[in-house]
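The primary structure of each chain is shown beneath.
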Amino acid sequence: MGTERIYPWQQHDWQRLQQLRERLPHAMLFHGVQGIGKVAFAERFAASLLCEQPLADGHACGACDSCGWFGQYAHPDYRRVRPDALETEATDDVEADDGGTKKSTKAPSKDIRIEQVRALAAFMNVSTHRAGQRVVLLYPAEALNSASANALLKTLEEPPPETIFLLVTDRIDRLLPTILSRCRKYPLTAPDLPDALAWLNAHGVTHAERWLAEFGGAPLAALEAAQGGDSAERDELLAFLASPHATAALVVAERLQKVALAQLVAWQQRWLYDLLSLKLSGRVRYFPHQQQALARLAARVTAERLQQAARDAESRRAVADHPLSARLFIEQMLIEYSHHFS
Ligand SMILES: [Zn+2]
């Protein structure tokens, strides 16, 4: 079990949740912005539902057999359903390090597949092993495609006994209304700025305010990025975006090859968001410490062109998982961007 049972900003959410224990719904949907610890929260709740001797505050004891199995993802009455891409992330990183030559043969699915939902039937058809609850944690719920969503819907319409579904999403707007109507919606709180900063500082993050701004106030996303190995590459990309020259694109693209393409596009998308926002409303959201560079650039380009650049980035993100060549992909991305300012 982790040292942090739940995050400091989730205390109130946790207490509220305890009131539901008497009459648990058979499906709950935890939702809120990205990077605030929703999955961790739902996992703590799952552990507490399966725990044989929960503590007075509702937390799992961390000491019983059930908690032991849970900690190793080996509890017979617990299933996690998530896209294959999340299961194989570690392998992906290794491949990406291999000179940037990503294997395109077996890209793991980013959807929750119908087979995964169907596989739950066998799990739910036997009585629970520990004569208690059975818990299914499914995330991110927006990864359900129409086939798997419909399969899940059938299950939610005829809920199996002693089973509780915990769904987690940061895109509640993408879920089918029929799924939403079958779940008890449970919003999770994002920390306020002082709490988020205190937590990041406690984790040794320098420039915590910058990271937090860039990740929209979401501390987990900020921590991951701050600790991520890509921060030199990120700075390199930002330097190019701040002072774009088509002639530098080839050199920069070469240095950025190790970074996941979707990540590069995401950085660029935030940058473009700030440029447009600065132009339209005078405000910067993600890169406040780059305000001067952003202002210089914004003065050199029309809002229409920035909107076009944002659309280009959007379509680029859609193909970022299957590029023919990572290097070409990055070169084109940088050159196209620089043309908006020439
Ligand atoms: Zn326990």
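Quick note: structure is the one above.
Here the structure is a predicted model, which is why all the values come from computation and not from measurement.

Participant: Just checking my understanding: could you explain the coordination of the zinc ion for this structure?
Facilitator: When four donors bind a metal tetrahedrally, each ideal donor-metal-donor angle is 109.5 degrees, and when six bind octahedrally, the ideal angles are 90 or 180 degrees. Around the zinc ion, the protein supplies C51 (SG), C61 (SG), C64 (SG) and C67 (SG) as donor atoms, at distances of 2.3 Å. One can describe the site at the zinc ion as tetrahedral: its 4 donor atoms subtend angles covering 103 to 118° at the metal. Taken in sequence order, the residues that donate to the zinc ion follow the motif C-x9-C-x2-C-x2-C. In this structure C61 comes out as partly exposed when scored by relative accessible area, which is 22%.

Participant: In this structure, what is going on with the nonpolar core? I would like to understand it.
Facilitator: When a protein is soluble and globular, its nonpolar side chains tend to lie buried together. Counting 44 residues, the largest nonpolar core has L17, M28, F30, F45, V135, L166 and L200 as the members making the most contacts within it. Top contributing element to this core by residue count: helix 2 (residues 38-50), with 7 residues. Residues F287, I330, M333 and Y337 belong to the second largest nonpolar core, which totals 39 residues.

Participant: Sorry, what's going on with the packing of helix 15 (residues 261-281) against helix 17 (residues 303-319) here?
Facilitator: The axes of two packed helices give the description: the angle between them and the distance between them. Relative to each other, helix 15 and helix 17 sit at 160°, their axes nearing to 10 Å. Overall, the two elements helix 15 and helix 17 adopt an arrangement that is roughly antiparallel. As helix 15 packs across helix 17, the resulting crossing turns out to be left-handed. The residues of helix 17 that touch helix 15, namely those facing A262, V265, A266, Q268, Q269, L272, L275, L276, K279 and L280, are A303, L306, Q307, A309, A310, A313, E314, R316 and R317. Tallied by class, the residues present in the contact of helix 15 with helix 17 amount to 12 nonpolar, 3 polar and 4 charged.

Participant: Is there a simple way to think about helix 15 in this case?
Facilitator: An α-helical turn contains 3.6 residues, so a residue and the one three or four places further along point in the same direction. With 21 residues, helix 15 extends 30 Å from end C-alpha to end C-alpha; this agrees with the ideal 30 Å at 1.5 Å per step. Among the 21 residues of helix 15, 15 are classified as buried, and the element is accordingly described as predominantly covered. Directly beyond the C-terminal end of helix 15, a positive phi value near 75° is found at G282.

Participant: What is the right way to look at the pairing of strand 4 (residues 163-169) in this model?
Facilitator: In regular strands, side chains alternate between the two faces of the sheet. By the criterion of burial, strand 4 is predominantly enclosed, with 7 of the 7 residues buried. Here strand 4 shows two buried faces, one formed by T163, F165, L167 and T169 and the other by I164, L166 and V168. Where strand 1 (residues 27-31) meets strand 4, 5 bridges bridge the pair, whose relative direction is parallel. From the neighbouring strand, M28 faces strand 4, where its bridge partner is L166. Looking at chain direction, strand 3 (residues 134-138) and strand 4 are connected through 5 bridges and run parallel. Each residue of the ladder has a partner; that of R134, found in strand 4, is T163. Once the chain exits strand 3 it traverses helix 8 (residues 146-157) before rejoining the sheet at strand 4, and the crossover so formed is right-handed.

Participant: Before we go on, may I ask you to explain the sheet that holds strand 1 in this structure?
Facilitator: Strand-to-strand pairing in sheets goes through backbone hydrogen bonds, with the strands running parallel or antiparallel. Strands sit in the order 2-3-4-1-5 across an open sheet of 5 strands; the sheet is parallel. The open sheet terminates on both sides in strands that have one partner only, identified here as strand 2 (78-81) and strand 5 (184-187). Sheet twist, expressed as the average angle between the axes of neighbouring strands with direction ignored, equals 20°. Helix-sheet contacts for helix 2 involve strand 1, strand 2, strand 3 and strand 4, and the interaxial angle to strand 4 is about 170°. On the sheet, helix 8 packs against strand 1, strand 3 and strand 4 and is oriented at approximately 140° with respect to strand 4.

The rules behind these values
- Residues numbered from 1 in each chain as written.
- Predicted model: local features only at pLDDT ≥ 70, side-chain atom pairs only at ≥ 80, totals over all residues.
- Heavy atoms only, no water.
- Donors = N, O, S within 2.8 Å, 3.2 Å for Na, K, Ca; no water.
- Tetrahedral: all angles 85-135°; square planar, octahedral: opposite > 155°, others 65-115°.
- Buried < 20%, exposed > 50% of the residue type's maximum accessible area, 1.4 Å probe, protein only.
- Core = buried A, V, L, I, M, F, W, Y, C linked by side-chain atoms within 4.5 Å.
- Helix = DSSP H or I, 4+ residues; strand = E, 2+ residues; numbered from the N terminus.
- Axes fitted to C-alpha atoms, helices over the stretch in contact; angles between N-to-C directions.
- Parallel < 35°, antiparallel > 145°, perpendicular 65-115°, else oblique.
- Left-handed = near helix turned anticlockwise from the far one by under 90°.
- Contact = heavy atoms within 4.5 Å.
- Nonpolar A, V, L, I, M, F, W, Y, C, P; charged D, E, K, R; others polar.
- Expected span 1.5 Å × (residues − 1).
- Pairing = 2+ DSSP bridges.
- Right-handed = clockwise from strand over helix to strand, strands pointing away.

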